[in-house]
Amino acid sequence: MNKFLLPFVFWFGSLLGQTEFTSPYTLSNSKVFEDNKQSHMRTIVLDGYIYSFRTDILSRMSISKYDIANKVELYRKDLPGYQHLEALTINQKIYVFEYKWVKETESEQVWVKALNTETGTFETPIKIVEVKGKVKNKFEISASTDYSKILVKYKRHATSKNNDKNFDVYGFIIFNSNFEQLEKIDFTSPYAESKVLLFDYEIKNDGSVYVMQEVLPEDKTKAYSDGLKNSRYEVYNLSKGQVEKTVVEQTQSHRIAYMFLNSKDEILVAGLFSVEPDKEKCDGFYFYNLETQKTSYYRIPIETVNMYENDATENSNRSKFDDKKPIFDDLNYFRIELQKDGGFLLIAQQYDVKVKTSKFNGRTETTSTYFIGDIYVLNISTDKEMIWLSKIPRNQETINTSINTYEYVKSQEGYSFFMFEDVRNLNLNLTERPHEFNDYYGILTEFKLDEKSGALSLIPIVDMKEVTLDFENKPVKPDYFNIRNLIYINQTGMLELDLNSKKQVMMHFSMTK
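Residues numbered from 1 in each chain as written. Predicted model: local features only at pLDDT ≥ 70, side-chain atom pairs only at ≥ 80, totals over all residues. Heavy atoms only, no water.

All right, on to the overall build of the chain then. Secondary structure summary: the chain contains two helices and 44 strands in total. Computed over the C-alpha atoms, the radius of gyration of the chain is 25 Å, within 12% of the 24 Å expected from 2.2 N^0.38 for a compact globule of 513 residues. By principal-axis analysis of the C-alpha atoms, the chain measures approximately 70 × 65 × 60 Å. The buried share of the chain, taken over its 513 residues, is 52%. By sequence separation, contacts in the chain at least 24 residues apart represent 52% of the contacts at least 6 residues apart. Of the charged side chains in the chain, 65 are positive and 74 negative; the average position of the first set lies 4 Å away from that of the second. (Helix = DSSP H or I, 4+ residues; strand = E, 2+ residues; numbered from the N terminus. Rg over C-alpha atoms; globule rule 2.2 N^0.38 Å. Buried < 20%, exposed > 50% of the residue type's maximum accessible area, 1.4 Å probe, protein only. Contact = heavy atoms within 4.5 Å. Lys, Arg positive; Asp, Glu negative; His and termini not counted. Charge placed at Lys NZ, Arg CZ, Asp CG, Glu CD.)

Written out as structure tokens, the structure reads:
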């Protein structure tokens, strides 16, 4: 364990008020590189290099290559041409997919080109899709779990302006990893557009396409009415020219639903549910297994809910739990993280936005305040059984829209959530609520859940208020950083920092051996 110090070109500011803590991480930084003020669209790590695809509001794109071992950006280049859709790694090569509208033939096209990673240039583009007329929104590109199949999905424009009479038409074009077309599937929703609330899809390793829709009955216009859930979820297997429909078992009120493939290439649907049919409240996680056609429900135990709470909140929560009343009305931020063995994590976080409108000197001002709360994590095994369900305490309030809640990585012997935190919250006991954190800066902290038990440990890395860089022989503080740009590989983390002078630097933090 090393006492936290910023080595080499990192400086400390005044020691007055400086936070002291012990961290197992050692910090260093890259050479300074140019910042073209573009946002990350896709980041790919391949053979010890980071390839970042960035874009701006005008859809202009650039690509950069960063050498992790030598801590230097090797190149950053603009990508002129068409509108870029996606970047994927297939057979250890990076491919960029781009869109083109051809006025002469009145058709929309998708092209793919391989990146020469040494030079940052591209091989000759290949046209893989051409659709007469315009598609709605844009093409979407995805791949099977083993990347042996590539899927291009698009949606046709409505044939009627009346949503009660229009039936959505989708196209799915399937390719192998050499971009040879294998199949084209046209799917027309069996329900009018006004009756479909959600559309999701996946492609399996064998090339079969699955679609999920959330559907309203004919006599209903909303997902909820009179406190009851009306909608249902239907999954369609579009393989071999057939449409096989399965209705997702729903014995509780499902609030959120995502269809996904685990690493075993099994179709599942997962989300949040409520013990009462209330769209604003929920109590836990569920997942549906298409193979068994059964749904498993996991209400968050009251003992877990009441961790890091005071006595009054504990009593209120227990009363609701015992009366089978929903506890959460803001458990909204949901995601799924896949594991290599076929298991998966279901993650939900309390997240709410409150909008306040005020008038001052005849002007109307609107302010949005973001409330970011506790995180709940359900660990499901490869056999579809619960391993543990854990809680990560959080209490953040901010008006800064650039603050993202956390970045997740699978770390050694655990599951890590990287966040900025108040130093007062690094050593909470189980009956203590976290202090409110409402600053953009904070302690960059690793919240680690033990792989076997789910036990939580907090590992402080660096106080971002104290980070100062030596730039052109002058101390400079970073003016922007985003936790969602964090990359973690082999016990080494990297976070991109923006400097005032349109420059960037990569901060490395490595676990001390």
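Now for empty space enclosed by the protein. The full count for this structure, using the stated rule, is three cavities of 30 Å³ or more. Taken as a whole, the largest cavity spans an internal volume of roughly 90 Å³. What lines the largest cavity is a set of 13 residues, among which Ile50, Ser52, Arg54, Glu496 and Met506 lie closest to the centre. No other element matches the three residues that strand 7 (residues 49–55) contributes to the lining of the largest cavity. For the lining of the largest cavity, the class distribution of residues is five nonpolar, five polar and three charged. (1 Å grid on protein atoms, 1.4 Å probe; cavity = no way out; pocket = protein on both sides within 12 Å on 5 of 7 lines; lining within 4 Å. Points joined across faces, edges and corners; volume = space filled by probe spheres on them. Nonpolar A, V, L, I, M, F, W, Y, C, P; charged D, E, K, R; others polar.)

What follows deals with the sheet that holds strand 8 (residues 61–67). Judged by pairing direction, the sheet is antiparallel, and its four strands sit side by side in the order 6-7-8-9 without closing on themselves. Edge positions in the sheet fall to strand 6 (39–46) and strand 9 (72–79), since each has one partner strand and no second. Averaged over neighbouring strand pairs, the angle between their axes works out to 15 degrees when direction is ignored. Here seven bridges tie strand 7 to strand 8, and the two strands are oriented antiparallel to one another. Paired with phenylalanine 53 across the two strands is isoleucine 63, which belongs to strand 8. (Pairing = 2+ DSSP bridges. Axes fitted to C-alpha atoms, helices over the stretch in contact; angles between N-to-C directions.)

Before going further, it helps to examine the pattern of salt bridges. Under the criterion given, the structure shown has 27 salt bridges. Glutamate 234 is the salt-bridge partner of arginine 232, the closest N and O atoms lying 2.7 Å from each other. The closest approach of N and O atoms between glutamate 276 and lysine 325, which form a salt bridge, is 3.1 Å. Remark: lysine 325 occurs in the loop between helix 2 (311–322) and strand 30 (331–338) and glutamate 276 occurs in the loop between strand 27 (267–274) and strand 28 (284–289); sequence separation between them is 49 residues. (Salt bridge = Lys/Arg side-chain N within 4 Å of Asp/Glu carboxyl O.)

For the rest of this paragraph, the subject is the nonpolar core. The biggest cluster of nonpolar side chains holds 26 residues, and the ones touching the most others in it are Phe418, Leu444, Met464, Leu495, Leu497, Met507 and Phe509. Of all the elements in the fold, those that place two or more residues in this core are strand 4 (25–29), strand 36 (414–421), strand 38 (456–463), strand 39 (468–471), strand 43 (492–498) and strand 44 (503–511). Ignoring sequence-local partners within four residues, the contact set of leucine 444 consists of Met419, Phe420, Ile459, Pro460, Ile461, Val462, Met464, Ile483, Leu486, Leu495, Met507 and Phe509. Tyr298, Ile327, Ala348 and Tyr376 belong to the second-largest nonpolar core, a separate cluster that totals 23 residues. (Core = buried A, V, L, I, M, F, W, Y, C linked by side-chain atoms within 4.5 Å.)

As a further point, take the confidence of the model for the chain. Reading predicted coordinates in detail is not appropriate for stretches of low pLDDT. Across the chain, the average pLDDT comes to 89, with 94% of residues at 70 or higher. Summarising per-element confidence for the chain, the mean pLDDT is lowest in strand 1 (residues 2–3) (30) and highest in strand 33 (residues 386–392) (98). Below pLDDT 50 for its whole length, residues 1–18 participates in 44 contacts with residues either more than four positions away or in separate chains. (pLDDT = per-residue confidence, 0-100.)

Burial of strand 37 (residues 443–450) is extensive: seven of the eight residues sit out of reach of the surface. Two elements, strand 36 and strand 37, share eight bridges in a ladder whose sense is antiparallel. Within strand 37, the residue paired with glutamate 421 across the bridge is isoleucine 443. Here strand 37 runs beside strand 38; their pairing, made up of seven bridges, is antiparallel. Counted as the bridge partner of isoleucine 443 is aspartate 463 from strand 38. In sequence, strand 37 turns back onto strand 38 through a hairpin of five residues, with glycine 454 there showing a positive phi of about 80 degrees.

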